[in-house]
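Residues per chain, in single letters:
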Amino acid sequence: MRRKAYSGRRVNEVNVQQVAASHAGAPAWVGVDVGKYTLDVVVNWDSEHYERPWVVKNPLEIGVVVQKLRELAQGRELVIALEPSGTYGDAFRQAVSDAGLVVHRVSPKASHDHAETFDGVSSQHDGKDAAVVAELSRIGKSRPWP
């Protein structure tokens, strides 16, 4: 793992064309850790390649992140995965669904159990949780959430 691999950057600073440049046409899985005030969004390309988390103000920047995800989805298979988190993620899930993007659900137990095997450390934090959710979706441990 890179040093500070989970340190986030504001969603407004993300240039989707740069992010996707070296992964043209490759499928992507997006893990989202939903919090009351922020969403942490991590793009997973394969078992070795993750993007730094995008930090999104919830619900103020939902429109911004959905637009960036729509841009990322151009010409590729894209799955957006999140854990059920009460009502905090409902606005995001609805916006993603309205944009025509694929939404999957990941079991909180599965992500908790997978956290230590993910990087060898039992600690959990928002960026790592989003990366774990993305990986679980990539390996088929998520289900469609219409």
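Heads up: the structure comes first, above all this text.
Residues numbered from 1 in each chain as written. Predicted model: local features only at pLDDT ≥ 70, side-chain atom pairs only at ≥ 80, totals over all residues. Heavy atoms only, no water.

A. Quick look at the pattern of salt bridges. Evaluation of the coordinates by the stated rule reveals three salt bridges. Put simply, Lys 109 and Asp 113 hold a salt bridge, and the shortest N to O gap is 2.8 Å. On the criterion of helical spacing, the pair formed by Lys 109 and Asp 113 is a turn pair, its members being four residues apart in helix α4 (residues 108-119). With a closest N to O distance of 3.4 Å, Glu 135 and Arg 138 form a salt bridge. Separated by three residues within a single helix, Glu 135 and Arg 138 lie in helix α5 (residues 126-138), roughly one turn from each other. Take Glu 135: its relative accessible area is 11%, and that puts it in the buried class. (Salt bridge = Lys/Arg side-chain N within 4 Å of Asp/Glu carboxyl O. Helix = DSSP H or I, 4+ residues; strand = E, 2+ residues; numbered from the N terminus. Buried < 20%, exposed > 50% of the residue type's maximum accessible area, 1.4 Å probe, protein only.)

B. Region of the structure containing the sheet that holds strand β2 (residues 28-34). Strand order in the open sheet formed by seven strands is β1-β4-β3-β2-β5-β6-β7, with mixed pairing between adjacent strands. The open sheet terminates on both sides in strands that have one partner only, identified here as β1 (9-10) and β7 (143-144). In this sheet, β7 lies alongside strand β6 (residues 102-105) in antiparallel orientation, the contact comprising two bridges. Its bridge partner lying in β7, His 104 is registered against Pro 144. Packing against the sheet, helix α2 (residues 62-73) makes contact with β2, β3 (38-44), β4 (54-57) and β5 (78-82), and its axis sits at approximately 140° to β4. (Pairing = 2+ DSSP bridges. Contact = heavy atoms within 4.5 Å. Axes fitted to C-alpha atoms, helices over the stretch in contact; angles between N-to-C directions.)

C. Structural detail: the pairing of β2. Taken across its seven residues, β2 has seven buried, putting it largely inside the fold. Burial along β2 is two-sided: the residues Ala 28, Val 30, Val 32 and Val 34 and Trp 29, Gly 31 and Asp 33 are all buried. For β2 and β5, the ladder comprises five bridges, and the chain directions are parallel. Bridge pairing links Val 30 to Ile 80 in β5. In the sheet, β2 pairs with β3 via six bridges, with the strands oriented antiparallel. Within the sheet, the bridge partner assigned to Asp 33 lies in β3 and is Asp 40. What sits between β2 and β3 in their antiparallel hairpin is a turn of three residues.

D. Local environment of the packing of aromatic side chains. Inspection of every chain in the model, using the stated rule, returns zero aromatic pairs. Arg 93 extends its terminal NZ or CZ atom over the ring of Trp 145, reaching a point 4.0 Å from the ring centre. Sitting over the face of the ring of Trp 145, Arg 105 holds its NZ or CZ atom 5.2 Å from the ring centroid. (Phe/Tyr/Trp six-rings, centres within 6.5 Å; stacked < 30°, edge-to-face > 60°. Lys NZ or Arg CZ within 6 Å of the ring centre and 35° of its normal.)

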